[in-house]
Amino acid sequence: MSGRDLDVEVVADEETAARAVAERLAEQAREGGHVVLTGGSTPKRAYELAAALEPDWSRVELWWGDERCVPPGDERSNYGMAKAALLDRLERGPLAVHRMQGEAGSERGAELYEQELGALERFDLVLLGLGPDGHVASLYPGQPTLDERERRAIGAEAHLEPY
C-alpha cells in the first residue's frame, strides 16, 4: 500500500456502486497518474458518471487490465466501451491512452502491451471487475495463466465466460 488508508464501503445497488467508482475515478483524474480501467459491461455507467464529474483527464495516463481479441470498433471491445462511455465525453483527454491491441491476437497483443508497459513500475489506481465465471483481468479459474510469474502481460483465451 502507498500509505493511503483504504475504506471499504458496501453498496446495495448498481447506481450507487457506479457513483462510488466514478467518484474515485474523478478524484484520480484530478490527482493525475496511471489509471487501469476494467472491461465488460459493468463499469460503463461508472465511466459515464466519471466523465461528468471530472471532464479534464489531462493529468492521467490510461491503461487496460484486459481486452478481448477484437478490433477497437467491435461491440465486444473493452477499449471501445470505455472510449464511448468515458473518453468521448471528456473536455480534455488523458496524457496518453495505452490500449491493448486485441486485434493482433492474444499472444502478439500481449507482447505489444508488455512493450508498452516499458519500465512502468506501478499504477495509481486499478479497477478490476469479476466476470460471471469468476475471472478477473482475463485470469480464468483453473487455467495455466494463473501460474505465470515473469511476464506482465499474457494472452489468455476465454474458457468459461458465456458469449
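Refer to the structure presented above.
Now for a description of the structure that goes with this document. (Residues numbered from 1 in each chain as written. Predicted model: local features only at pLDDT ≥ 70, side-chain atom pairs only at ≥ 80, totals over all residues. Heavy atoms only, no water.)

### Notes on the overall build of the protein chain
- A count of helices and strands for the protein chain gives four helices and four strands.
- Helices and strands in the protein chain line up, N terminus first, as α-β-α-β-α-β-α-β.
- Partitioning the intrachain contacts of the protein chain with sequence separation of at least 6 by distance along the chain shows that 72% fall at a separation of at least 24.
- In the structure as shown, the protein chain presents an accessible area of about 9,700 Å², 49% of it carried by carbon and sulfur atoms. (Helix = DSSP H or I, 4+ residues; strand = E, 2+ residues; numbered from the N terminus. Contact = heavy atoms within 4.5 Å. Areas by Shrake-Rupley, 256 points an atom, 1.4 Å probe, with all protein chains shown as cover.)

### Some words on helix α3 (residues 78-85)
- Restricting attention to buried positions, one finds in α3 the residues N78, Y79, M81, A82 and A85. The buried residues of α3 occupy an angular sector of 160 degrees when the element is viewed end-on, so they sit on one face.
- Where α3 is buried, its residues contact β1 (33-37), α2 (44-53), β2 (60-64) and β3 (96-97).
- Put simply, S77 is the residue that caps the front of α3, since its side-chain oxygen is 3.3 Å from the backbone nitrogen of Y79. (Buried < 20%, exposed > 50% of the residue type's maximum accessible area, 1.4 Å probe, protein only. Arc of directions from axis to C-beta. Polar contact = N/O pair within 3.5 Å; in protein donor to acceptor, adjacent residues only side chain to side chain.)

### Thoughts on the packing of α2 against α3
- Packing of α2 against α3 brings their axes to within 8 Å, and their N-to-C directions diverge by 35 degrees. Note on packing geometry: the crossing formed by α2 with α3 is right-handed. Residues K44, Y47, E48 and A51 of α2 pack against M81, A82 and A85 of α3.
- Here the residues of the contact of α2 with α3 sort into five nonpolar, no polar and two charged. (Axes fitted to C-alpha atoms, helices over the stretch in contact; angles between N-to-C directions. Left-handed = near helix turned anticlockwise from the far one by under 90°. Nonpolar A, V, L, I, M, F, W, Y, C, P; charged D, E, K, R; others polar.)

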